[in-house]
Amino acid sequence: MRTIREIPEIALLESKAAQIRIPAELDVPLSARVCRLIDTPEFQRLKEISQLGLVGLVYPAANHTRFEHALGVYRLALLYLRRLSYDERFSEVVTAESAELLIVAALVHDLGHWPFCHAIEDVDLPSVPRHEFFANSFVLEGEIAELLVNDWGLSARDVTALLSDEPQTACQQILGSILSGPIDIDKMDYLDRDSLHAGVPYGRNFDRERLIGALCLNEAGTALAINEKGKTAAEMMVFARYVMFSEVYWHHAVRAATAMLQRAFYALHGLLDLDALFRTRDTAMIDELQNAAEGTGSAELLEGLFGSRRRLYKRLAQFSYFEDKDLYLALAGRPYRELVSVAEQFAQIAGQTLETNLAPHEILLDAPPVSREVEFDVEVYFSKQACYRKLGEISPVVRTLAREQFDNYVKRVRMFAHPGVVNELRQIENLSELLLEAVRRVDHGQ
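About the criteria used
Residues numbered from 1 in each chain as written. Predicted model: local features only at pLDDT ≥ 70, side-chain atom pairs only at ≥ 80, totals over all residues. Heavy atoms only, no water. Helix = DSSP H or I, 4+ residues; strand = E, 2+ residues; numbered from the N terminus. Rg over C-alpha atoms; globule rule 2.2 N^0.38 Å. Buried < 20%, exposed > 50% of the residue type's maximum accessible area, 1.4 Å probe, protein only. Areas by Shrake-Rupley, 256 points an atom, 1.4 Å probe, with all protein chains shown as cover. Lys, Arg positive; Asp, Glu negative; His and termini not counted. Charge placed at Lys NZ, Arg CZ, Asp CG, Glu CD. Pairing = 2+ DSSP bridges. Salt bridge = Lys/Arg side-chain N within 4 Å of Asp/Glu carboxyl O. Expected span 1.5 Å × (residues − 1). Polar contact = N/O pair within 3.5 Å; in protein donor to acceptor, adjacent residues only side chain to side chain. Axes fitted to C-alpha atoms, helices over the stretch in contact; angles between N-to-C directions. 1 Å grid on protein atoms, 1.4 Å probe; cavity = no way out; pocket = protein on both sides within 12 Å on 5 of 7 lines; lining within 4 Å. Points joined across faces, edges and corners; volume = space filled by probe spheres on them. Nonpolar A, V, L, I, M, F, W, Y, C, P; charged D, E, K, R; others polar. Phe/Tyr/Trp six-rings, centres within 6.5 Å; stacked < 30°, edge-to-face > 60°.

S.K.: Sorry if this is basic, but what is going on with the overall build of the chain here?
M.R.: Scanning the chain for helices and strands turns up 26 helices and nine strands. For the chain, whose C-alpha radius of gyration is 23 Å, the value lies close to the compact-globule estimate of 22 Å for 446 residues. Counting over 446 residues, the chain shows a buried share of 55%. Carbon and sulfur atoms make up 47% of the accessible area of the chain, which amounts to about 19300 Å² in all. Averaging the positions of the 47 positive and the 65 negative side-chain charges in the chain gives two centres separated by 5 Å.

S.K.: Honestly, the pairing of strand β8 (residues 387–390) in this entry has me stumped. Any pointers?
M.R.: Each regular strand displays side chains that alternate between the two surfaces of the sheet. Pairing geometry for strand β7 (residues 379–382) and β8, over four bridges, is antiparallel. When the bridges of β8 are listed, tyrosine 381 appears paired with tyrosine 388.

S.K.: I tried to follow the pattern of salt bridges on my own but got confused; where do I start?
M.R.: Between side chains of opposite charge, a pair can form when the charged atoms approach closely. Counting across every chain of the model gives 23 salt bridges. Among the ionic pairs, aspartate 27 bridges to arginine 21, the shortest N-O distance being 2.7 Å. One salt bridge connects arginine 279 with aspartate 275, and the closest N-O pair in it is separated by 3.2 Å. For arginine 279, a relative accessible area of 29% translates into the label partly exposed. Taking the relative accessible area as the measure of exposure, aspartate 275 reaches 40% and is therefore partly exposed. In the salt-bridge network here, residues are joined through shared partners; they are Arg2, Glu9, Arg33, Glu97 and Glu100.

S.K.: I would appreciate a short explanation of helix α13 (residues 185–198) in the present structure.
M.R.: Three- or four-residue spacings in an α-helix give side chains the same orientation, since the helix completes a turn every 3.6 residues. Over its 14 residues, α13 runs 20 Å from end to end, which matches the ideal 20 Å to within 8%, given 1.5 Å per residue. Across the 14 residues of α13, twelve count as buried, placing the element largely inside the fold. Measuring from the side-chain oxygen of the N-cap residue of α13 to the backbone nitrogen of aspartate 186 gives 2.9 Å; that N-cap residue is aspartate 184. Taken from the residues just after α13, glycine 199 is the one with a positive phi, measuring 80°.

S.K.: It is not clear to me how the pairing of strand β1 (residues 19–22) should be interpreted in this structure. Could you clarify?
M.R.: By the bridge criterion, four bridges tie β1 to strand β2 (residues 26–29) in an arrangement that is antiparallel. Considered in β2, the bridge of arginine 21 is made with aspartate 27. As consecutive antiparallel partners, β1 and β2 are separated by three residues, and within that stretch glutamate 25 has a phi angle of approximately 50°, a positive value.

S.K.: Help me understand the sheet that holds strand β9 (residues 413–417), please; the structure alone is not making it clear to me.
M.R.: Whether parallel or antiparallel, the strands of a sheet pair through hydrogen bonds between backbone atoms. What the three strands build is an open sheet, ordered β5-β9-β6; its pairing is antiparallel. Edge positions in the sheet fall to β5 (314–319) and β6 (363–366), since each has one partner strand and no second. Adjacent strand axes in the sheet meet at a mean angle of 20° when their direction is disregarded. Here β6 runs beside β9; their pairing, made up of four bridges, is antiparallel.

S.K.: Please clarify how empty space enclosed by the protein should be interpreted in this entry.
M.R.: Picture a little ball the size of a water molecule; that probe, rolled over the atoms, points out where space is still empty. Enumeration over the complete set of coordinates arrives at one cavity of 30 Å³ or more. Empty space within the largest cavity amounts to approximately 40 Å³. Looking at the largest cavity, the residues that line it are Ala259, Arg263, Tyr336, Leu339, Val340, Ala343, Leu364 and Leu365. Going through the elements one at a time, α16 (252–268), α21 (336–354) and β6 are the ones with two or more residues in the lining of the largest cavity. Looking at the lining of the largest cavity element by element, the count peaks at four residues for α21. For the lining of the largest cavity, the class distribution of residues is seven nonpolar, no polar and one charged.

S.K.: Would you mind showing me how to read the packing of aromatic side chains here?
M.R.: Describing an aromatic ring pair means giving the distance of the ring centres and the angle of the ring planes. If you walk through the whole model with that rule in mind, you get 13 aromatic pairs. Relative to phenylalanine 306, the ring of phenylalanine 116 has its centre 5.7 Å away and its plane inclined at 40°; by these criteria the two rings are tilted. With phenylalanine 116 in the loop between α6 (96–108) and α7 (117–121) and phenylalanine 306 in helix α19 (residues 297–306), this pair connects stretches of sequence that are 190 residues apart. On the basis of relative accessibility, which here comes to 22%, the residue phenylalanine 306 falls in the partly exposed class. Relative to phenylalanine 278, the ring of phenylalanine 265 has its centre 6.4 Å away and its plane inclined at 20°; by these criteria the two rings are stacked.

This is the structure:
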């Protein structure tokens, strides 16, 4: 019976014979069957989909792709499996065949992503699928499905189930926690990779090797945990995630660009063939959006993002949970269509106050979406006491940054305005009161 360490790709971790180099100085082992997967058109498409999308407008070197990220996640899957193969409880539940299912899932986990995927998903339109389910159309049929059977002896349905379905068995739960959980392979790669390309240190300041070396199973045997040697590394990963959201992903200029794209897409989505659009690359999607926007207010939004001259909307006001709780709670988690209505009502009220005409698209609201970030908590095993404790119970860092509603403290509600009108709008003294009035009008159906 094969062991996990005998899987060809894991064995290749020790070899320099068949590898590809990705930043930062990482060697990714490539077997012949892995090469056949990544050479498919569906996988090669990821080379032309930016990992961070609009972040590149603010951090100009952050132009790495989902192709690079997929290879990084695959490499981490091999490292996780190799480490966990020494854990008797893990090896009793996860066979070599199940481990290969995880390897493939790590490789293809982002196939369903389209350009600017997360920004578009947060608009929460009924016609927009979740990217996890959109991946099924790339995996369940065609060349990839054939390769899974012929090269890996796997069912494409089992791969998509691991990526998008609720796990049922202990094995599925363990593999699912490696793909998506507090210390998952996706998070570990993107924090490091995004930080590297953005040119900031925040996402790289945790000890990945120490964390991987501390991996074990939780008390129930259904998810990843760490032993006490990984406690500090896990705390630093929590802090890295917090600062990356604060300084990169939710940087005010990044969110201004995001708000512009979301408003344009919201206005245009009914004119677009979304299934075809979501199978394209960055440049093709931008062209499709700009063509559909001709002669509308959305054209100005898209020109400011993708035209020859960058022209982002300016921050007019922002509200956080601890600075202006009432306004924050009135807007955070509100459905996107209602945010649009509030922004349009505010434009009308502010225009009357200033005795000028404000176009509806000249005011944009950006708020934390309905879905929240997963709270970071993981069990820590203390060998001397032979007991497990939650990291949040023993770490003030995790308790403060993760358990006390991560979203409320990082993701602010922001109002952006067209650069041509923002200075005039800043002269309004009772701006918060006008915004609350706009909220009341929407809530009362005016």
